Amino acid sequence: MKFLVINGVNLNMTGMREKGVYGTATLAQINDKIAAFAAANGDAVDFYQSNIEGELVNKLHEAYLQGGYDGILLNAGAFTHYSYALRDAIAAIDIPVAEVHISNVHAREEFRHTSVLSEVCKGVVCGFGAGSYIAAMVGLKDGFTK
Ligand code: DQA
């Protein structure tokens, strides 16, 4: 299978910001772990990060229109909590999307308990650091979702 991992706003600062919440691994190190897991399972994975909402929308559209992806892992960062534009983009594409968070958003501030994306996602994983992406990838694999 082929997956696309999309990280949104502020995720490029992972490993450097709020280390007590997001850990010390950089996004590049997290991506290396995801890539190694995918390779070990015979899967392929591409990575994309942007702090710009419209670029994330464009990437979701492009992934669908160009084809080739079986699943998308999306950590939209704070956009998760209020971006109806991202929600509509997920709803517009016919690729299963997993909502991913490094931290346990439900154990944090009230505003993080709301996701406007979950309803249009296949599933949600949060709280396991880099493991959230791995668990989401497992969840999207054939045999678990069908
Ligand atoms: C996050 C959680 C969001 O609430 C926050 O705005 C982020 C990261 C996570 O991965 O835990 O930037 O998506």
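The sections below set out a description of the structure shown in this document. Because the structure is predicted, anything quoted here is derived from the model rather than measured. (Residues numbered from 1 in each chain as written. Predicted model: local features only at pLDDT ≥ 70, side-chain atom pairs only at ≥ 80, totals over all residues. Heavy atoms only, no water.)

## Comments concerning unusual backbone geometry
Defined as follows: For the purposes of this entry, the term helix denotes a DSSP run of H or I that reaches at least four residues, the term strand denotes a run of E that reaches at least two, and both are numbered from the N terminus.
The backbone of N10 shows a phi angle near 75 degrees, a positive value even though the residue is not glycine. With a phi angle near 35 degrees, E18 is a residue other than glycine that sits in the positive phi range. Take E18: it is sitting in the loop between β1 (2-7) and α1 (19-22).

## Examining the environment of C121
Heads up, the condition is: Between two residues, a contact is recorded if the distance between any of their heavy atoms is within 4.5 Å.
Here C121 shows up in the loop between β4 (97-101) and β5 (123-126). C-alpha of C121 to C-alpha of A25: the two residues are 96 residues apart in sequence and 26 Å apart in space. With sequence-adjacent residues up to four places away left out, C121 is seen in contact with I90, V97 and E99.

## Focus: the environment of N31
What counts, and what does not: Exposure classes here rest on a 1.4 Å probe applied to the protein chains alone. A residue is buried below 20% of its type maximum, exposed above 50%, and partly exposed in between.
Here N31 shows up in helix α2 (residues 27-40). For N31, a relative accessible area of 13% translates into the label buried. When sequence neighbours within four positions are dropped, the list of residues in contact with N31 reads N7 and F47.

## Some words on the site of the ligand
Spelled out, the test is: Nearness here has a simple test: a residue counts as near a molecule or strand if at least one of its heavy atoms is within 4 Å of that partner. Under this definition, polar contacts are N or O atom pairs within 3.5 Å; protein pairs additionally need one hydrogen-donor-capable and one acceptor-capable atom, and for neighbouring residues in sequence, both atoms have to be side-chain atoms. Under the convention used here, a 1.4 Å probe and the Shrake-Rupley method define accessible areas, while residue burial counts only the protein chains that appear. The distinction between a cavity and a pocket rests on a 1 Å grid over the protein atoms alone: a 1.4 Å probe fits inside a cavity but cannot get out, while a pocket stays open yet meets protein on both sides within 12 Å along at least five of seven lines, and a residue with an atom within 4 Å of a point counts as lining. Each molecule is assigned to a cavity or pocket provided more than half of its atoms lie within 2 Å of the corresponding grid points.
Within the structure, the ligand sits among R17, Y22, N75, G77, A78, H81, H101, I102, S103, V105 and R112. Taking R17, its side chain carries an N or O atom lying 2.9 Å from an oxygen atom of the ligand. Note that an oxygen atom of the ligand is positioned 2.8 Å from one of the side-chain N or O atoms of R112. The fraction of the free accessible surface of the ligand (330 Å²) that becomes covered by protein chains is 98%. With respect to the detected pockets, the ligand is housed in the largest pocket.

## Details of the packing of aromatic side chains
Convention followed: Aromatic pairing here means that ring centres of Phe, Tyr or Trp (its six-membered ring) are within 6.5 Å. Orientation follows from the plane angle: under 30 degrees is stacked, over 60 is edge-to-face, and everything else is tilted.
The final tally for this structure, using the stated rule, is one aromatic pair. Pairing F79 with Y82 gives two aromatic rings, centres 6.1 Å apart and planes at 70 degrees, and the pair type is edge-to-face. Accessibility expressed as a relative area gives 49% for Y82, which makes it partly exposed.

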